Amino acid sequence: MKIPPVKGTRDFYPEEMRVHNFIVDGWKRASVRNGFEEYDGPIFEHLQMYKVKSGDEIAEQLFSLTDRGGRELAIRPEITPTLARMVNQKINSLPRPIKWFSVPRLCRAERPQKGRLREFFQWNVDIIGVDDVLADAEVIFAAVDYLRSVGLTEKDIQVKYSSRKVLTLYLKSLGIAENKLSEVYRILDKREKIPADVFEKMLSDCLSDKKIVTKVLDYMEKKMIVEDIARLEKTNKEMTDAFKELYDLNEYLKDMGIDEYCVEEPSIVRGLAYYTGIVFEIHDSVGDLRAICGGGRFDNLLHDFGGPSISATGFGMGDCVLEILLEERGLLKDRLQKGKTDYFVAYAEELYKRDAVDLVAQLRGKNKIANFSYKGGGLGKQLKEASMQNAGKCVIIGSESERGELAIKDMATGEQVTVKEEEFFKSL
């Protein structure tokens with residue numbers, strides 16, 4: 001009986017693994033050059049951690065289980081709550097600012113679709129302990145820095161940012177109760193993902209007041225009631241500070257030379273309940289794909305997990321949408337590192353087979369990628385096998401060379417020289 005893979009998961013054959021490694025290795029290099037250190041946590045956590053702190057959207061997407069001790073656990077759908085827990089455990093001994101990154105494997109019980117699977121990898125970058133909006137600018141820069149490094153330009157991608165503070169203050173000014181805000185955020189975040197009439201109905205069912213619904217829709221359509229916002233900015237210091245953050249962020253993005261990638265977009269909300277300030281998403285310029293990346297400020301999360309009130313900001317970038325975009329832009333084919341063998345050891349006759357095995361072992365001991373043919377056969381067959389393994393050079397034992405000598409064939413040029421075995425190893 002053939003057992004298929006679980007729907008929404010992927011098998012990584014060597015060819016797919018090369019793509020995966022290209023993406024992950026790039027994430028890690030970008031993290032390190034931007035001053036971030038790597039961390040990781042367990043693949044499952046207590047279920048309550050996600051149900052209480054990540055909002056309804058994540059809670060609905062959990063793979064949960066009860067272990068033999070009766071504990072309710074969940075496979076991690078994101079790593080930010082784990083980050084908060086880990087930082088809180090060592091909060092007094094960790095130097096600040098904390099600049100960490102991770103590339104976890106995550107699972108969400110969602111309906112598989114283009115760019116979204118049930119199991120995926122995500123690049124997470126976070127800065128903890130910096131109140132200045134400069135930290136928000138830096139995590140945005142880190143994301144753009146990576147995307148530029150793989151060949152994407154301002155014509156391919158766009159960073160859309162807004163302020164959750166501005167949105168929250170505006171919604172409250174309309175009379176929307178505090179306990180309704182999380183549900184409103186979740187609905188607003190679905191705006192680009194569902195039909196317009198379905199979106200409006202969800203919003204109307206949530207808010208009931210038609211006038212309020214209209215004003216919220218105007219906000220999302222960039223038709224903000226200018227007088228309302230201006231009045232709030234003049235009379236509400238929080239609103240004034242929130243607009244100053246947006247201005248400062250824009251200036252920092254200019255200083256970092258990435259402002260051409262970025263645009264302020266009030267409709268960017270982010271569905272998770274824990275965001276408190278600047279929020280952003282990165283989209284392909286055509287708009288055919290889901291967000292490549294999303295994040296923002298979450299100043300209350302560590303406190304919600306029993307720690308002190310410390311500011312934090314960060315983002316997550318999934319590999320699924322990114323891979324589709326890179327493929328569509330033709331940025332993968334010529335940039336993947338194929339498996340390469342440094343030396344393929346061939347033997348002219350069966351009596352040299354054990355010598356070949358010995359030579360391969362010595363080459364591997366010298367930290368060289370070395371291989372040989374199990375089947376042997378004629379030299380032509382073995383050279384063909386060497387070519388299939390993308391070997392740089394083929395070392396031939398026997399044939400026209402004498403005992404203690406090796407024929408070294410350059411597989412790219414076809415040139416061949418004979419050297420003493422001792423000299424060959426010295427040259428390594």
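To start, this report covers the structure provided alongside it. Residue numbering note: each chain is counted from 1, following its sequence as written. With pLDDT at 70 or above as the cut-off, local features in this predicted model cover only qualifying residues; side-chain atom pairs require 80 or more to be listed or tallied, and sums for whole chains, interfaces and linings still use all residues. In computing side-chain values, all of the structure's heavy atoms are included and hydrogens and water are not.

Helix and strand labels come from DSSP, where a helix needs a run of H or I of at least four residues and a strand needs a run of E of at least two; each type is numbered from the N terminus. When you go through the protein residue by residue, the secondary structure sums to 16 helices and 17 strands. Three exposure classes are used, based on accessible area relative to the maximum for each residue type with a 1.4 Å probe and protein chains only: buried under 20%, partly exposed in between, and exposed over 50%. Burial statistics for the protein: of 428 residues in total, 47% are counted as buried. Exposure was quantified through the Shrake-Rupley algorithm and a 1.4 Å probe, taking into account, for residues, occlusion by the shown protein chains and nothing else. As presented, the protein carries roughly 22,300 Å² of accessible surface, and 48% of it is formed by carbon and sulfur atoms. Looking at the protein, you have 65 positive and 71 negative side-chain charges, and the mean spots of the two groups are 3 Å apart. Only four residue types enter the tally: Lys and Arg on the positive side, Asp and Glu on the negative side; His and the chain ends are excluded. Taken as the charge location is NZ of Lys, CZ of Arg, CG of Asp or CD of Glu.

Put simply, arginine 96 and proline 97 share a cis peptide bond, and its omega is 0°. Turning to its location among the elements, proline 97 is positioned in the loop between helix H4 (80–89) and strand E5 (98–102). The phi angle at asparagine 390 is positive, at roughly 55°, despite the residue not being glycine. Summarising the element assignment, asparagine 390 is placed in the loop between helix H15 (379–388) and strand E15 (391–397).

What is meant by a nonpolar core is a set of buried Ala, Val, Leu, Ile, Met, Phe, Trp, Tyr and Cys residues, joined one to another through side-chain atoms within 4.5 Å. Counting 73 residues, the largest nonpolar core has Trp123, Tyr146, Phe315, Met317 and Leu326 as its most contacted members. When residues of this core are assigned to their parent elements, the largest contribution, 10 residues, is made by helix H5 (residues 134–149). With 20 residues, the next largest nonpolar core counts Val87, Ile128, Ile268 and Tyr275 among its residues.

Bringing the packing of helix H7 (residues 181–189) against helix H8 (residues 196–207) into the picture now. Only the contacting stretch of a helix is used when fitting its axis, a line to C-alpha atoms as for every element, and angles between N-to-C directions run 0 to 180 degrees. Between H7 and H8, the shortest axis-to-axis distance is 10 Å and the interhelical angle comes to 170°. By the angle between their directions, the pair H7 and H8 is classed as roughly antiparallel. For the pair formed by H7 and H8, the contact residues are Glu183, Val184, Ile187 and Leu188 on the first element and Phe199, Met202, Leu203, Cys206 and Leu207 on the second. Amino acids outside the nonpolar list (Ala, Val, Leu, Ile, Met, Phe, Trp, Tyr, Cys, Pro) and the charged list (Asp, Glu, Lys, Arg) are all regarded as polar, and Gly is one of them. For the contact of H7 with H8, the residue count by class is 8 nonpolar, no polar and 1 charged. Any angle that is under 35 degrees is reported as roughly parallel, and any over 145 degrees as roughly antiparallel; angles of 65 to 115 degrees are reported as roughly perpendicular and all others as oblique. Note on contacts: a residue pair qualifies if any of its non-hydrogen atoms lie within 4.5 Å across the two residues.

Functional significance is not addressed by these values, which are geometric in nature.
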